[in-house]
Amino acid sequence: MIIGKPVYAVALLAVSFSLLCELLVPGGDRIVAIAALACGIATWVAPLLVIALSWNQKPRSSLASVGFTIRIFVVAVCFSASGVWLALLTLVFAQDRTYAWIALLLIGVFWLWVAVMLYVGDLRRQQGQEGVRPSPKRRFKKRTKKRSE
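Trainee: Run through the overall build of the chain, naming residues and quoting values.
Mentor: For the chain, the helix and strand inventory stands at four helices and zero strands. For the chain, the N- to C-terminal ordering of α and β elements is α-α-α-α. When the 149 residues of the chain are sorted by exposure, 22% land in the buried category. If you sum the accessible surface of the chain, you get close to 12100 Å²; carbon and sulfur atoms cover 69% of it.

So, in structure tokens, the structure goes:
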């Protein structure tokens, strides 16, 4: 994997930095709590920004559309994972846990909303296909020219 090592290095750096901030910096628990809340908000805002910034691009092929959808999910997962990590740090080490609970609530509601939207979309797709009979596929092409003998 080309991307794997840099991503793991950045994730390890973020985890160690947040843990050191929580343990060693005076008032660091408040900083980590606000960062958790910011990640919870970014879980909602960043995918919408990705969609909004690409609204005027030319129509995509089906493969490019799949890549775009994957990009939206990756952005949401990254912010969710970092928000959950920071919220858990806040819950373990901080006295004021309000921001951590709000961040976890935002992230949980976001993924619940995604699951409900996927389910509703699947139901709509199934309802749209109920009355339609699948057309038989042709296995062989019809010959247009007759064989000359």
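Trainee: Give a detailed account of the pattern of salt bridges, specifying residues and quantitative values.
Mentor: Where charged atoms from two side chains of opposite charge approach closely, those side chains can pair. Considering all chains together, one arrives at two salt bridges under this definition. The partner of R30 in a salt bridge is D96, with the nearest N and O atoms 3.0 Å apart. With R30 in helix α2 (residues 28–53) and D96 in the loop between α3 (62–93) and α4 (98–130), this residue pair connects regions lying 66 residues apart in the sequence. Its relative accessible area of 40% is what places R30 among the partly exposed residues. Two residues, D122 and R125, come together in a salt bridge whose shortest N-O distance is 2.6 Å. Linking D122 with R125, this pair stays in helix α4, spanning three residues, or about one helical turn. The partly exposed category is assigned to D122, whose relative accessible area is 29%.

Trainee: A description of the packing of α3 against α4 should follow, citing residues and the corresponding values.
Mentor: In contact at an axis separation of 9 Å, α3 and α4 are set at 150° when each is read in the N-to-C sense. For the element pair α3 / α4, the angle class is roughly antiparallel. Taken as a pair, α3 and α4 cross one another with a handedness that is left-handed. Note on element contacts: α4 touches α3 through A100, W101, L104, I107, F110, W111 and V114, opposite F73, A76, V77, S80, G83, V84, A87, T90 and L91. Considered class by class, the residues forming the contact of α3 with α4 number 13 nonpolar, three polar and no charged.

Trainee: How would you sum up the packing of α2 against α3? Please name residues and give values.
Mentor: The interhelical angle for the contact between α2 and α3, taken along N-to-C directions, is 165°, at an axis separation of 8 Å. When the axes of α2 and α3 are compared, the pair comes out roughly antiparallel. Remark: the crossing between α2 and α3 carries left-handed chirality. In terms of residue class, the contact of α2 with α3 is built from 18 nonpolar, five polar and two charged.

Definitions and limits used
- All chains use their own residue numbering, which begins from 1 and follows the written sequence.
- The predicted origin of the model limits local features to residues at a pLDDT of at least 70 and limits the giving and counting of side-chain atom pairs to 80 or more, whereas totals for whole chains, interfaces and linings rest on all residues.
- Heavy atoms throughout the structure, all of them, feed into the side-chain values; hydrogens and water do not.
- To qualify as a helix, a DSSP run of H or I must reach at least 4 residues; to qualify as a strand, a run of E must reach at least 2; elements of each kind are numbered from the N terminus.
- Each residue is assigned to one of three classes by its accessible area relative to the maximum for its type, calculated with a 1.4 Å probe on protein chains only: buried under 20%, partly exposed between the two thresholds, exposed over 50%.
- Per-residue accessibility takes into account occlusion by the displayed protein chains alone, with areas from the Shrake-Rupley method and a 1.4 Å probe.
- Put simply, a salt bridge is a Lys or Arg side-chain nitrogen that is within 4 Å of an Asp or Glu carboxyl oxygen.
- Here, axes are lines fitted to C-alpha atoms. For helices the fit covers the stretch in contact, and angles between N-to-C directions go from 0 to 180 degrees.
- Note that the term roughly parallel is reserved for angles under 35 degrees, roughly antiparallel for angles over 145, roughly perpendicular for angles of 65 to 115, and oblique for everything else.
- Left-handed describes a crossing in which the near helix is turned anticlockwise from the far one by less than a right angle; the clockwise case is right-handed.
- By the convention used here, residues are in contact when the closest approach between their heavy atoms is within 4.5 Å.
- In this classification, Asp, Glu, Lys and Arg are treated as charged, Ala, Val, Leu, Ile, Met, Phe, Trp, Tyr, Cys and Pro as nonpolar, and every other residue, Gly included, as polar.

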